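Descriptive analysis of the structure
Next come the chains, spelled out residue by residue.
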Number of protein chains: 2
Amino acid sequence: MIAVLRIGHRQGRDERVTTHVGLTARNFGADRIIISDEKIACTLEKVAEKFGGPFEIVCEPDWKKVIRKWRGTVVHLTMYGEPVDDALMKIPDKGDILVVVGAGKVPGELYNLATLNVSVGNQPHSEVAALAIFLDRLTEGRWIDKKFRGELKILPNERGKTVVKNPGQKRVRKTA
Amino acid sequence: MIAVLRIGHRQGRDERVTTHVGLTARNFGADRIIISDEKIACTLEKVAEKFGGPFEIVCEPDWKKVIRKWRGTVVHLTMYGEPVDDALMKIPDKGDILVVVGAGKVPGELYNLATLNVSVGNQPHSEVAALAIFLDRLTEGRWIDKKFRGELKILPNERGKTVVKNPGQKRVRKTA
């Protein structure tokens, strides 16, 4: 089980980025996203319904409770942490992983609550980018094989859009 | 030369995500970001000053002009495109690459203007995540070796924050 916990979300200001965090978690092989914003949970549920799961969306405003109750490794993604490739070697092959991504400045205690503080480059960039790279490395790229089963499915296309309907794969929209 | 072109930016709504696109481009080895928003250009310039370049920020509202004038490969990142690993094999080893990322729905003509339409998974996720993975794959992870030289430098730390000042590496802030 891989879960992603989004903390420090500010309503309004962080809405779009938190949505990106959720969609990125889903695309790159996480099984669950834990957020504090009901509205974003609805948006993510609609995507999971339309394009498929399994992907669980949990609303929980108390992030500390989530970490305290977690039985497994807690990875905090931060530009101040140890390099991702070093950290990956410390993560047990088996067991659950909770990946924590903050918005803006995170509470100092998180650095001690986490099992590992992990950086994807020691430069300011994006928690969305850091999450994508971390999950890509963690799953060794196997997220690409994840089968989603929803109402719609997108098929790769060199020069346009191909969307098919499940089940039966009837083409619903194709544009060049 | 790797440049990133952000298109379709909507003032207000996309500010934070476009900033993330710029910071992600910088962290993962792009040499230049081209955006249409002066305010975000200023934010990115401040980061590049503080944490180092080389990284060029260009303001240009006419995205079509940028693509038309580009001498090299134009890669459009889209969930409808061909798989990233297939596409990478079609990109010449030498020559400049322009990576185009849209906000929301992009104009249909972009699919034809681009040399390659590339997907990082055929699921809705995030242009920030797609950009990070694409640049990581394109540079074969070598972005990590990029030397930034600014006023401040962050050193990896397992359990806190270590920030040093350039030149001379005087420690300016460390918190556990």
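For the structure itself, consult the block above.
I will try to describe carefully the structure that is included in this document. On a predicted model such as this, the values are computed, not experimentally measured, just so you know. Each chain has its residues counted from 1, running along the sequence as written. For this description, chains carry letters from A and ligands carry numbers from 1, given in the order in which they are written. In keeping with the model being predicted, local features are shown solely for residues with a pLDDT of at least 70 and side-chain atom pairs are shown and tallied solely at 80 or more, while totals for entire chains, interfaces and linings include all residues. Excluded from the side-chain calculations are hydrogens and water; all other atoms, namely the structure's heavy atoms, are used.

**Examining the relation of the copies chain B and chain A**
- For the pair chain B and chain A, the best superposition has an RMSD of 0.0 Å and corresponds to a rotation of 180° with a translation of 0.0 Å parallel to the axis. Look at the turn and shift together and you get a two-fold axis relating the two. Closest to the rotation axis within chain B is the C-alpha of Ala129(B), separated from it by 2.3 Å.
- Contact between two residues is taken to exist if any of their heavy atoms lie within 4.5 Å; hydrogens are not considered. Taken as a fraction of all interface residues of chain B, those also at the interface in chain A reach 100%, which identifies the copy contact as same-surface. Least squares is used to superpose the copies, and the fit set is the C-alpha atoms of residues whose pLDDT is at least 70 in both copies.

**Remarks on the sheet that holds strand S2 (residues 32–35) of chain B**
Residues and elements named next belong to chain B.
- Strands qualify as paired when DSSP identifies two bridges or more between them. To qualify as a helix, a DSSP run of H or I must reach at least 4 residues; to qualify as a strand, a run of E must reach at least 2; elements of each kind are numbered from the N terminus. Strand order in the open sheet formed by 6 strands is S3-S2-S1-S5-S4-S6, with parallel pairing between adjacent strands. Of all the strands in the sheet, the pair left with one neighbour each is strand S3 (56–59) and strand S6 (116–119). The mean angle between the axes of side-by-side strands here comes to 30°, regardless of whether they run parallel or antiparallel.
- One ladder, built from 6 bridges, connects strand S1 (residues 2–7) with strand S5 (residues 96–102); its direction is parallel. When the sheet's bridge partners are listed, Arg 6 is paired in S5 with Val 101.
- Axes, fitted as lines to C-alpha atoms, cover a helix only where it is in contact. Angles between the N-to-C directions of the axes lie from 0 to 180 degrees. Lying on the sheet, helix H1 (residues 15–27) is in contact with S1, S2 and S5; it crosses S1 at an angle near 175°.

**Details of the sheet that holds strand S3 (residues 56–59) of chain A**
Residue and element names in this part refer to chain A.
- Ordered in space as S3-S2-S1-S5-S4-S6, the 6 strands form an open sheet in which the pairing is parallel. Strand pairing shows two members of the sheet lacking a second neighbour, S3 and strand S6 (116–119), which therefore form its edges. On average, each strand axis in the sheet is tilted by 30° relative to the strand beside it, whichever way the strands run.
- Lying over the sheet, helix H1 (residues 15–27) contacts strand S1 (2–7), strand S2 (32–35) and strand S5 (96–102), oriented at roughly 175° with respect to S1.
- The sheet strands contacting helix H2 (residues 38–51) are S2 and S3, and the helix crosses S3 at an angle near 170°.

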